Amino acid sequence: QVQLVESGGGLVQPGGSLTLSCVVSGGTFSHYTMSWHRQAPGKERSFVASIGYSGGSANYVDAVKGRFTISRDNAKNTVYLQMNSLKSEDTAMYYCYAISLFAGSNRGPYWGQGTQVTVSS
């Protein structure tokens, strides 16, 4: 069974930084395109950033370009989201998402349980 477990959320002041991590178990991590999504109270879940299975093809929503960086370590089955210059509008539950375009089992998609990021003074 494939599981995604996020960590690294917390309370941070505006302008601060956080790094989120998502560890994937039970599947072939190097086959997954990974992405981060977020959901603020009263709003729909929305895309934040994605990265291809080999570490290339990073994409970002305009609101985070230049501030957030997505990366992955296939040896550690982990994807990261480095968040700098955080703003109050970045406050949300952040979710990790995995999907494989390779043939075979455990293709997904899969969601993690989320980690809360709160940006407040």
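Preceding this section is the structure that the text describes.
Residues numbered from 1 in each chain as written. Predicted model: local features only at pLDDT ≥ 70, side-chain atom pairs only at ≥ 80, totals over all residues. Heavy atoms only, no water.

Here we look at the overall build of the protein chain
When helices and strands are counted, the protein chain shows 0 helices and 11 strands. Put simply, the protein chain runs from its N terminus to its C terminus through helices and strands in the order β-β-β-β-β-β-β-β-β-β-β. Here the protein chain, with 121 residues, has 39% of them falling under the buried criterion. Considering only contacts in the protein chain between residues 6 or more positions apart, those separated by 24 or more positions represent 54%. Surface summary for the protein chain: the accessible area is close to 6,200 Å², and the carbon and sulfur share equals 48%. (Helix = DSSP H or I, 4+ residues; strand = E, 2+ residues; numbered from the N terminus. Buried < 20%, exposed > 50% of the residue type's maximum accessible area, 1.4 Å probe, protein only. Contact = heavy atoms within 4.5 Å. Areas by Shrake-Rupley, 256 points an atom, 1.4 Å probe, with all protein chains shown as cover.)

What about unusual backbone geometry?
The omega torsion across Gly 108 and Pro 109 is 10°, close enough to zero to call that bond cis. Along the chain, Pro 109 falls in the loop between strand E9 (92-100) and strand E10 (110-111). Phi angles above zero are rare outside glycine, and Asn 77 is one such case at about 55°. Mapped onto the elements of the fold, Asn 77 is located in the loop between strand E7 (68-73) and strand E8 (78-83). What makes Asn 77 partly exposed here is its relative accessible area of 27%. With a phi angle near 50°, Ser 85 is a residue other than glycine that sits in the positive phi range. Its place among the elements puts Ser 85 in the loop between E8 and E9.

Let's talk about the nonpolar core
Ranked by size, the top nonpolar core spans 29 residues in total, and within it Leu 4, Met 34, Trp 36, Val 79, Leu 81, Met 83 and Tyr 94 carry the most contacts. Elements with a contribution of two residues or more to this core: strand E3 (18-25), strand E4 (32-39), strand E5 (46-51), E7, E8, E9 and strand E11 (115-119). (Core = buried A, V, L, I, M, F, W, Y, C linked by side-chain atoms within 4.5 Å.)

Considerations on the side chain of Glu 6
Position of Glu 6 among the secondary structure elements: in strand E1 (residues 3-7). There is no salt bridge for the buried Glu 6, and the closest opposite charge comes from Arg 45, which lies 7.3 Å off by N-O distance. Among the polar contacts listed, one links the side chain of Glu 6 to the backbone nitrogen of Cys 96, at a separation of 2.7 Å. Looking at Glu 6, its side chain comes within polar contact range of the main-chain nitrogen of Gly 114, at 2.9 Å. Those residues in contact with Glu 6, other than ones at most four positions away along the chain, are Ser 21, Cys 22, Trp 36, Tyr 94, Tyr 95, Cys 96, Gly 112, Gln 113, Gly 114 and Thr 115. (Lys, Arg positive; Asp, Glu negative; His and termini not counted. Salt bridge = Lys/Arg side-chain N within 4 Å of Asp/Glu carboxyl O. Polar contact = N/O pair within 3.5 Å; in protein donor to acceptor, adjacent residues only side chain to side chain.)

Purely spatial values, then, with no claim about function.
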